[in-house]
Amino acid sequence: TFDLEELGRLVTPRTKLLSVCNPHNPLGRAWTAAELSSLADFAELHDLVILSDEVWSDIVFEPLVHIPMAAVSPSAAQRTYTVVGFSKNFGLEGTRVGGLIAPTAEDLQQCLRASATDSTAGGTSVLAQVAAIAAMAECGDWLLKWRRHLSSQLEYAVARLNRMPGVAHVAKPQACFIIYCDITKLFKGPRPSEAAEFADEPEEMALMQYLIKVHKVAIIPGLSKFFGPQGNSRHIRISVGTSREVLKDGLNRLEGGLKAWMMASK
């Protein structure tokens, strides 16, 4: 969870906004009502606007349900701007379409004017708008099947990862279709010779480049350039948002790469 005392130490007179990832990427946490309420109270105490990133809101696994930040209290509703999307739930990444829910209609109009979204320069294409409307109106059954598929994918991937060398125990995420793995045990000696060209890179970045070059599989290292100044080094993020066939092949490649890396350190 989060540390409200630490958050309080980070607030300065210049602080205007509290950004919340709900559910959390990359940890796959579905925040509880109590946790969100404590954040809402914190924002009210410090008079902060809340920006709630809820693009993963449809990917929360049973028996849990998604709880919108704006729904936890009247105060939260009055200060929360909620961002939603259509990429994680309906696979519409290429359409570049999303949504914003603001406290009031005037607040929404101010955001649209500031972002030029209401103009031809910054607007969303007609095709993207039609796709988003169709997804919301007609694809509820597909979304249910997609979420069940992802839950099964996560169970399979977690079981595989927990048998891989150098990977600490992994638990099934509560939300999202990503897994964040601790690979600290992997870095206890020299790197494989094939990774020599990445000698100037941090270990996690060198591993990423090595896996792409030699084993043809991509991961995201838990570095600050990807996950902010508090990013968890010696972690990797993988996605299971694909077919079982592709996921199995990807995990086979990842396992082969991790084994080869471990062998080089012995």
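In this numbering scheme, every chain counts its residues from 1 along its sequence in written order. At least 70 in pLDDT is required for a residue's local features to be given in this predicted model, at least 80 for side-chain atom pairs to be given and counted, and no such filter applies to totals for whole chains, interfaces and linings, which use all residues. With hydrogens and water stripped out, all remaining heavy atoms of the structure feed into the side-chain values.

(A) Summary view of the environment of alanine 159. Counting from the N terminus, the helices are the DSSP runs of H or I reaching at least four residues and the strands are the DSSP runs of E reaching at least two. With respect to the element layout, alanine 159 can be found in helix α7 (residues 140-161). Along the sequence, alanine 159 and lysine 172 sit 13 residues apart, while their C-alpha atoms lie 9.1 Å from each other.

(B) Inspection of the sheet that holds strand β2 (residues 49-53) at higher detail. At least two bridges found by DSSP between two strands are what make those strands a pair. Across the sheet, four strands lie side by side as β1-β2-β3-β4; this open sheet has mixed pairing. Of all strands in the sheet, those bounded by a partner on one side alone are β1 (17-21) and β4 (98-101). The average angle at which neighbouring strand axes cross in this sheet is 15°, direction not considered. Pairing between β1 and β2: five bridges, direction parallel. Along β2, the bridge assignment pairs leucine 17 with valine 49. Residues count as neighbours in contact if any of their non-hydrogen atoms are within 4.5 Å of one another. All axes are obtained by fitting lines to C-alpha atoms, using only the stretch in contact for helices, and the reported angles, taken between N-to-C directions, cover 0 to 180 degrees. Sitting on the sheet, helix α2 (residues 33-45) touches β1 and β2, and the angle it makes with β1 is about 170°.

(C) How the structure looks around the nonpolar core. Only buried residues count toward a nonpolar core. Its members are Ala, Val, Leu, Ile, Met, Phe, Trp, Tyr and Cys residues joined through side-chain atoms within 4.5 Å. When accessible area is computed with a 1.4 Å probe and restricted to protein chains, residues below 20% of their type maximum are described as buried, those above 50% as exposed, and intermediate ones as partly exposed. Membership of the largest hydrophobic core comes to 52 residues, with the highest contact counts inside it found for Leu161, Ile179, Leu207 and Leu254. Those elements giving two or more residues to this core turn out to be α6 (126-138), α7, β5 (178-182), α8 (203-215), β7 (235-239) and α10 (244-264). Tallying contributions element by element places α7 first for this core, with seven residues.

(D) Inspection of α2 at higher detail. Given a helix with a known number of residues, its expected span is that number minus one, times 1.5 Å. Taking 1.5 Å as the rise per residue, α2 with 13 residues should run 18 Å; its terminal C-alpha atoms sit 18 Å apart, in good agreement. Buried within α2 we find Glu35, Leu36, Leu39, Ala40, Phe42 and Ala43. Looking straight down α2, one finds its buried side chains confined to an arc of 160°; they lie on one side. Along α2, the residues that are exposed and aim more than 90 degrees away from the buried face are Ala34 and Leu45. Within this analysis, the arc is defined by the directions that extend from the helix axis to the C-beta atoms.

(E) How the structure looks around the packing of aromatic side chains. Two rings belonging to Phe, Tyr or Trp (six-membered ring only in the last case) form a pair when the distance between their centres is within 6.5 Å. Interplanar angles under 30 degrees mark stacking, angles over 60 mark edge-to-face geometry, and anything in between is tilted. Counting across every chain of the model gives eight aromatic pairs. An angle of 85° between the planes, with centres 6.0 Å apart, marks the rings of phenylalanine 187 and tryptophan 261 as edge-to-face. Note that phenylalanine 187 is positioned in the loop between β5 and α8 and tryptophan 261 in helix α10, a separation of 74 residues in sequence. A single burial state applies to phenylalanine 187 and to tryptophan 261, both of which are buried. Among the aromatic residues, ring-to-ring pairing joins Trp56, Phe90, Trp142, Trp146 and Phe177 into one connected group. A cation sits over an aromatic face here: lysine 172 above phenylalanine 61, 5.5 Å from the ring centre. For a lysine, the NZ atom is tested; for an arginine, the CZ atom; a charge sits over a ring if that atom is within 6 Å of the ring centre and within 35 degrees of the ring normal.

(F) Spotlight on the packing of α7 against α10. Orientation of α7 relative to α10, taken along the N-to-C sense of each, is 20°, at an axis distance of 11 Å. Relative to α10, α7 is oriented roughly parallel. α7 and α10 meet at a crossing whose hand is right-handed. Counting all contacts with α7, which are made through His149, Ser152, Gln153, Tyr156, Ala157, Arg160 and Leu161, the residues of α10 involved are Arg244, Leu247, Lys248, Leu251, Asn252, Leu254 and Glu255. Under this grouping Gly is polar, as are all residues other than the nonpolar Ala, Val, Leu, Ile, Met, Phe, Trp, Tyr, Cys and Pro and the charged Asp, Glu, Lys and Arg. Considered class by class, the residues forming the contact of α7 with α10 number six nonpolar, four polar and four charged. Relative orientations are named as follows: roughly parallel for angles under 35 degrees, roughly antiparallel for angles over 145 degrees, roughly perpendicular for angles from 65 to 115 degrees, and oblique for any other angle. Crossing handedness: left-handed means the near helix sits turned counterclockwise from the far one by under a right angle, and right-handed means the same turn made clockwise.

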